[in-house]
Amino acid sequence: MTATDPVANLQTLIRCPSVTPAEGGALSALEAMLAPLGFTVDRMKASEAGTPDIENLYARLGKDDPHLMFAGHTDVVPVGDEAAWTHPPFAAEISKGELFGRGAVDMKGGIACFVAAVARHIEKNGPPKGSISFLITGDEEGPAINGTIKLLQWAAERGESWDACLVGEPTNPDRLGDMIKIGRRGSLSGKITVHGVQGHAAYPHLADNPVRGMLQLTHALMNPPFDGGTDDFQPSNLEVTTVDVGNPATNVIPAKASASFNIRFNDSWTVETLRAEILRRLDVAARDGALRPGREPVAYDIVWADRPSHVFLTRNNALIASLSSAVESVSGQSPRLSTTGGTSDARFIKDYCPVVEFGLVGQTMHMVDERVAVADLETLTAIYETFIARWFANAGL
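Residues numbered from 1 in each chain as written. Predicted model: local features only at pLDDT ≥ 70, side-chain atom pairs only at ≥ 80, totals over all residues. Heavy atoms only, no water.

**Structural notes on unusual backbone geometry**
- Between T20 and P21 the backbone carries a cis peptide bond, its omega angle lying at 10°.
- Its place among the elements puts P21 in the loop between α1 (6-14) and α2 (26-34).
- With omega at 0°, the peptide bond leading from D65 into P66 counts as cis.
- With respect to the helices and strands, the residue P66 is situated in the loop between β2 (51-61) and β3 (67-73). (Helix = DSSP H or I, 4+ residues; strand = E, 2+ residues; numbered from the N terminus.)

Here's what the structure looks like:
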């Protein structure tokens, strides 16, 4: 295998059942593609108490600057109901111009295309005048504890540094060439618990119902809006994601109620200022909203989730212009520069170098019958190949 064919590359990767946290042979398959191209390949295993061990891969071609990193993950989500798939999820079968399989879009397809693009660049031009590296994790779809964040630390401790990074996540909503991600909103989660007094539903004067207080607190979290958005980001948005009293009885007033929330926030906020605003809203609502008239203010506590994601925006003309022009010249599309969507491993990479994201169309990711158009694999490979040439030409600017 010469690795210049993205379809063959992707079929090889899909046939490795690398459901998080299993390596499934995917990193070994990737190593077999990269080593003949001249890459030095390292496999790094990361561990942390209470989490599964994760295998990761770092490969580098060249020793000089400038240094371009491609980042991604070979782990995939579970297949769900395997019987519901039109084609077996790890068979990588092609039907009617589409390649089926778990990870086809998210994101083994992006990896397969970048490998093919690098192989074609080397075949036509020789090694780049600089360095290219692959930083590939097996933990993006899982806790994201033993993956990219630790692999970056591991590489940096060994003297690795990068000038730019492209993450191959599926960024396009409808067709290839729609969208480049140049940043991501932050994400902050927490859990509120309101404390009441348990009692009989027929004797409410002997109890305090925490549900009443929880309704007031959650309303205060969602109203008014946190902001109206910024030039680069949509408005921050908080959603209450769970409400629970743990009470199976209809005639018992519960002793406590809990609610979890998540807010995706823009660059109007930092994690610290956002936490302060959320606490302010809760304190005002708790003070002004006793569980019942004449009772004490609502008693609540809050626990913040670990590892919030910080908002970031990439401003690097050489990187963005090289990718945008490559997308337009190959696909004919003028891509939108966007910060929409959820989080990705770019949130870790941005602490080391400028980072953007561009990959396949994401319409079938995580679904039964995840699939990609074979024609899109060839187009994405051509975009990546053009981008590689243009980035190395522009990186010194």
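Let's pick the thread back up.
**Remarks on the pattern of salt bridges**
- Scanning the model with the defined rule gives 17 salt bridges in all.
- Linking E357 and R184 is a salt bridge whose minimum nitrogen-to-oxygen distance equals 2.7 Å. In this pair, E357 sits in strand β18 (residues 355-357) while R184 sits in strand β9 (residues 183-184), placing the two residues 173 residues apart along the sequence. Taken individually, E357 and R184 each receive the classification buried, so the pair is uniform in this respect. (Salt bridge = Lys/Arg side-chain N within 4 Å of Asp/Glu carboxyl O. Buried < 20%, exposed > 50% of the residue type's maximum accessible area, 1.4 Å probe, protein only.)

**Things to note about the layout of surface pockets**
- A volume near 590 Å³ is recorded for the largest pocket.
- Taken together, 28 residues form the lining of the largest pocket, with R307, P308, S309, R347 and F348 sitting closest to its centre.
- The set of elements that each furnish at least two residues to the lining of the largest pocket consists of α4 (148-157), β10 (186-195), β14 (256-265) and α8 (346-349).
- Here the lining of the largest pocket is built from residues that sort into ten nonpolar, ten polar and eight charged.
- Around the second largest pocket, the lining comprises 20 residues; the ones closest to its centre are E169, P170, K181, R184 and M365.
- Of the residues assigned to the lining of the second largest pocket, the class counts are four nonpolar, ten polar and six charged. (1 Å grid on protein atoms, 1.4 Å probe; cavity = no way out; pocket = protein on both sides within 12 Å on 5 of 7 lines; lining within 4 Å. Points joined across faces, edges and corners; volume = space filled by probe spheres on them. Nonpolar A, V, L, I, M, F, W, Y, C, P; charged D, E, K, R; others polar.)

**Observations concerning the sheet that holds strand β4 (residues 94-95)**
- Across the sheet, which stays open at both edges, the three strands sit in the order β4-β5-β19 with antiparallel pairing between neighbours. Strands with a single pairing partner mark the edges of an open sheet, and in this sheet they are β4 and β19 (371-373).
- Here strand β5 (residues 98-100) runs beside β19; their pairing, made up of three bridges, is antiparallel. When the sheet's bridge partners are listed, E98 is paired in β19 with A373.
- Strands in contact with α1 are β4, β5 and β19; relative to β5, the strand with the most contacts, it is inclined by about 20°.
- Taken strand by strand, helix α9 (residues 374-394) contacts β4, β5 and β19, and its axis lies near 70° from that of β19. (Pairing = 2+ DSSP bridges. Contact = heavy atoms within 4.5 Å. Axes fitted to C-alpha atoms, helices over the stretch in contact; angles between N-to-C directions.)

**What about the side chain of D139?**
- Note that D139 resides in the loop between β6 (131-137) and α4.
- No salt bridge is formed by the buried D139, whose closest oppositely charged neighbour, K150, lies at an N-O distance of 8.1 Å.
- There is a polar contact of 3.0 Å between the side chain of D139 and the backbone nitrogen of N146. (Lys, Arg positive; Asp, Glu negative; His and termini not counted. Polar contact = N/O pair within 3.5 Å; in protein donor to acceptor, adjacent residues only side chain to side chain.)

**A closer look at the packing of aromatic side chains**
- Using the criterion set out here, one finds twelve aromatic pairs in the structure.
- When the ring of F261 is compared with that of W304, the centres are 6.1 Å apart and the planes differ by 85°; the resulting orientation is edge-to-face. Taken together, the residues F261 in strand β14 and W304 in strand β15 (residues 299-304) connect sequence positions 43 residues apart.
- Directly above the aromatic system of F226 lies the positively charged group of R281, at a separation of 3.9 Å from the ring centroid. (Phe/Tyr/Trp six-rings, centres within 6.5 Å; stacked < 30°, edge-to-face > 60°. Lys NZ or Arg CZ within 6 Å of the ring centre and 35° of its normal.)

**Quick look at the pairing of β3**
- Buried residues dominate β3, accounting for seven of its seven residues.
- Burial of β3 is two-sided: the residues H67, M69, A71 and H73 facing one way and the residues L68, F70 and G72 facing the other way are all buried.
- Where β3 and β6 come together, seven bridges link them in parallel fashion. Bridge pairing links G72 to I136 in β6.
- With four bridges connecting them, β3 and strand β7 (residues 164-167) associate as parallel partners. Counterpart to F70 in the pairing with β7 is L166.

**Structural notes on the environment of F387**
- Following the sequence through the fold, F387 ends up in helix α9.
- Judged by its relative accessible area of 0%, F387 falls in the buried class.
- Each C-alpha atom, one on F387 and one on I320, is 9.9 Å from the other, the two residues being 67 residues apart in sequence.
- When sequence neighbours within four positions are dropped, the list of residues in contact with F387 reads L68, L166, L319, S322, L323 and A326.

**Looking at the state of the cysteines**
- All chains considered together, the criterion is met by zero disulfides.
- This cysteine, C113, is not joined by any disulfide, and C16 carries the nearest cysteine sulfur, 16 Å off.
- Its relative accessible area of 0% is what places C113 among the buried residues.
- Among the cysteines around C165, which has no disulfide bond, C353 carries the closest sulfur, lying 5.2 Å off. (Disulfide = S-S within 2.5 Å.)

Taken by themselves, the reported measurements are silent on function.
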